[in-house]
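# Examining the three-dimensional arrangement
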Amino acid sequence: MTTTWCLILALVASLAAALPQPQEVKEPKTASNEAMLIPMEVCYDGLGCFSTGGNFYDLVQRPLQLLPQSPERIGPTYALYTRRSIISGQSLVYGDKSSVEKSNFDASRPTKIIIHGFLENGSEDWVNDMKKALLLHGDYNVIQLDWSRGNQLPYTQATANTRVIGAMIAQMIVWLEAEFGASRTSFHLLGHSLGAHVSGYAGERLPGLARITGMDPAGPYFEGTHPEVRLDPTDANFVDAIHTDGDSLLSSAKLEGGFGMMEPAGHVDFYPNGGKKQPDCKQNPIISIIINGIVEGSKWAVACDHLRVLPLMTSTVMHYQGDYKAYPCDSYENFKAGRCATCGSTGCAFMGMRADEWRPPTGTSGVRMFLDTTGSEPFDIHHYAVSVSISDVSDAKKQYGDLYLILESETGERSSELTVFSKEYMYPGDRRTALMTSPDSVFNLARITVSWKHRWVLAILTQRLRINRIEIFEGLTEKRSLFCARDVSIDSGKSITLGRSNAC
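Residues numbered from 1 in each chain as written. Predicted model: local features only at pLDDT ≥ 70, side-chain atom pairs only at ≥ 80, totals over all residues. Heavy atoms only, no water.

The chain appears in an unreviewed UniProt entry as Lipase domain-containing protein from Macrostomum lignano. Database annotation for the chain, UniProt heading Sequence similarities (unreviewed entry): "Belongs to the AB hydrolase superfamily. Lipase family." The heading Subcellular location (unreviewed entry) in the UniProt record of the chain holds the text "Secreted". (UniProt positions renumbered as here; feature names shortened; annotations may be inferred.)

## Quick word on the side chain of Arg 62
In this fold, Arg 62 is placed in the loop between strand S2 (48-51) and helix H2 (71-74). A distance of 2.6 Å separates a polar atom in the side chain of Arg 62 from the backbone oxygen of Tyr 221. Look past the residues within four positions of Arg 62 in its chain and what remains in contact with it is Phe 56, Thr 159, Tyr 221, Phe 222, Thr 225 and Val 229. (Helix = DSSP H or I, 4+ residues; strand = E, 2+ residues; numbered from the N terminus. Polar contact = N/O pair within 3.5 Å; in protein donor to acceptor, adjacent residues only side chain to side chain. Contact = heavy atoms within 4.5 Å.)

## Looking at the nonpolar core
By size, the foremost hydrophobic cluster in this structure holds 51 residues, and its most contacted members are Ile 113 and Ile 169. Of all the secondary-structure elements, those providing two or more residues to this core are strand S1 (41-44), strand S3 (77-82), strand S5 (111-115), strand S6 (141-146), helix H5 (155-180), strand S7 (187-192), helix H6 (194-203) and strand S9 (238-242). Top element by residues in this core is H5. It accounts for 12 residues. Discounting chain neighbours no more than four positions away, the residues touching Ile 169 are Tyr 78, Ile 113, Ile 115, Leu 145, Val 198 and Ala 202. Membership of the second largest hydrophobic core comes to 34 residues, among which are Met 215, Val 268, Phe 270 and Tyr 324. (Core = buried A, V, L, I, M, F, W, Y, C linked by side-chain atoms within 4.5 Å. Buried < 20%, exposed > 50% of the residue type's maximum accessible area, 1.4 Å probe, protein only.)

## Let's talk about the sheet that holds strand S8 (residues 211-215)
Sheet strands pair via backbone hydrogen bonds, and the direction of the pair is either parallel or antiparallel. Pairing within the open sheet is mixed, and its 11 strands lie in the order S4-S3-S6-S5-S7-S8-S9-S10-S13-S11-S12. The strands lining the two open edges of the sheet, one partner per strand, are strand S4 (85-92) and strand S12 (349-350). Direction of pairing for S8 relative to S9: parallel, over a ladder of 5 bridges. Bridging from a neighbouring strand, Arg 211 pairs with Phe 238 of S9. Docked against the sheet, helix H4 (residues 125-137) engages S3, S4, S5, S6, S7 and S8, running at close to 165° with respect to S5. Packed onto the sheet, H6 meets S5, S7 and S8 and runs at close to 145° relative to S7. (Pairing = 2+ DSSP bridges. Axes fitted to C-alpha atoms, helices over the stretch in contact; angles between N-to-C directions.)

Right, dumping it as structure tokens:
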């Protein structure tokens, strides 16, 4: 049985398990608890009322509706870490002023709240790694939220509980403002999966909240829903989302996909490697368990793409100056074809920690940005848009094969051999564009080495490719370099070196 089918069956079992679950809530005002297809409502002191009606009533995207459990039943905890208490967390308790007074919480410092997702807890390895990275980066209050009493099976109950957790976070921030002089304009919520939507529910109650980062926001029960139901740009002054496991399991016609969503959720949405599948995420489950242990190894074997966003986000903190630059584009296909090399009027943004440096035109939201990454930390890779003009001289012939470049900078740095395109037809007079990536930091180009290899099956004679010119746009530096080949003929398997030119 494939991993995808296992995930689908687990989710279906979760939905089925929802049917007999008792609700630890007050009696709904509008309908019986026995009819989950009929809108219900429950109210909690200090938090307000929660209904399964209105925009939450969606029989297509949310076929089974449950009411959120009580704040007492869910019982979230807040563990504070600062540069003065990196190892041991200090418990912050809503309404207990002494818990804050005895802690190292400093209202004058920015505050980061890390919010985990489904079936996890606030002490997960990735949470601790992110906390450490943040504290190395800046003098923050870092709060690890644990809502593991409310995120267990069935999934439908966990999705319902996200609304109460979000409301409780908002309640906590308002209390810190009133009692200790904190300001929501310095709070940044970082939520993974269901935690991304928890962040949204908190933000909608906190006008002026500084920032929300949605790390692969959960797809099932959220993809395709009304903005009130999911994370959206109105939830904070700045909302950025990173998508690594798109195509919701429930929304895919082929019963394939992931736990995340492809739908934009922020002012800017980043789609590394297209946002659906991540490099090096097809590891054998046995090897994954051997490397990471039974629990972690099993999680990564099942949900590698969904979890990849976590070390990816942490890497953008640890390697703050890394090349996580992303480019606005209407599709990943066009991005890979080299058609979105420039930043345009929208501007480019750096995925992750530096995303809030982006300065788009006023009122901009839902901007899709793409970038490629490697499959291991620190994940960053450099992007080059390449334009190749095939000669149209009389003896030029159609060719089929691979084209390669080696880049060399003005100061002598050289890249490894990079593939421009593979198994492509090259017709006389063609101008081909492609995106090329390199792990090597080679900028301010002075020379390039060009080679190619034919892939004709029955070719006997030496195959030659004529090239007129090659233009390269460096993504990080935004510098354009021109290399004139002047219709030179290159034998298959051979190479030539070209110097940069001002004009051809």
